[in-house]
Amino acid sequence: MDFVQFYALAAKTEALQDPAKRGLNNIVHGDFNGFLIAATGLLIVFLALTLISVFISLLPKILDALAFMLPAEHEHHSYAPAARQTSDNEKIAAAVGFVLHEIHSKQP
């Protein structure tokens, strides 16, 4: 039996064939218990979201309790290198370069 035949057999139920048993009135008062099914679905979703919220709120405590199994954190300190001492020759070369740049940039 393939899917089409199975669906055709499933669609031939009394509730689907009789127009009087379809509609909003049947959900409220009929055999389908629509409000009970909706309330059950809402309850399942509410409980699942509550469990997720509780788990997220307890996660720091769980991690603290399991800290003995986790590796220790190593803080890496990277200090900036010490400022390099410039000699007088480098300062003079920088000043000469600046002056030459100013002279050449002002000429047309």
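Residues numbered from 1 in each chain as written. Predicted model: local features only at pLDDT ≥ 70, side-chain atom pairs only at ≥ 80, totals over all residues. Heavy atoms only, no water.

1. Regarding the overall build of the protein
This is how it is decided: Under the scheme used here, helices are H or I runs from DSSP no shorter than 4 residues and strands are E runs no shorter than 2 residues, and both carry numbers assigned from the N terminus. Here's how the labels work: a residue is buried when its accessible area is under 20% of the maximum for its type, exposed when over 50%, partly exposed in between, all with a 1.4 Å probe on protein chains only. In short, Shrake-Rupley with a 1.4 Å probe defines the accessible areas, and a residue's cover is counted only from the protein chains shown.
Of the regular secondary structure elements, the protein holds five helices and zero strands. Its helices and strands taken in sequence order, the protein reads α-α-α-α-α from the N to the C terminus. Residue burial in the protein is summarised as follows: out of 108 residues, 3% are buried. A total of about 10,400 Å² of accessible surface is found on the protein, and carbon and sulfur atoms cover 69% of it.

2. So, helix α5 (residues 88–106)
Selection criterion: In a helix, the anticipated span is given by 1.5 Å times the number of residues less one.
With 19 residues, α5 extends 27 Å between its outermost C-alpha atoms, agreeing within 8% with the 27 Å of an ideal straight helix rising 1.5 Å per residue. Buried residues are scarce in α5, accounting for zero of its 19 residues.

3. Describing helix α4 (residues 34–65)
Put simply, the rule is: Bend, at a single residue, is the angle you get between axes fitted to the 7 residues ending at that residue and the 7 residues starting at it.
With 32 residues, α4 ought to run about 46 Å at 1.5 Å a step, and its terminal C-alpha atoms sit 45 Å apart, in line with that. Its axis deflected by about 45 degrees at L59, α4 carries its strongest bend there, up to four residues before the proline P60.

4. Here's the deal with the confidence of the model for the protein
Condition: The predictor attaches a confidence to each residue, called pLDDT, with possible values from 0 through 100.
The predicted model of the protein has a mean per-residue pLDDT of 79, with 69% of residues at 70 or higher. Highest mean pLDDT in the protein belongs to α4 (93); lowest belongs to helix α2 (residues 14–17) (58).

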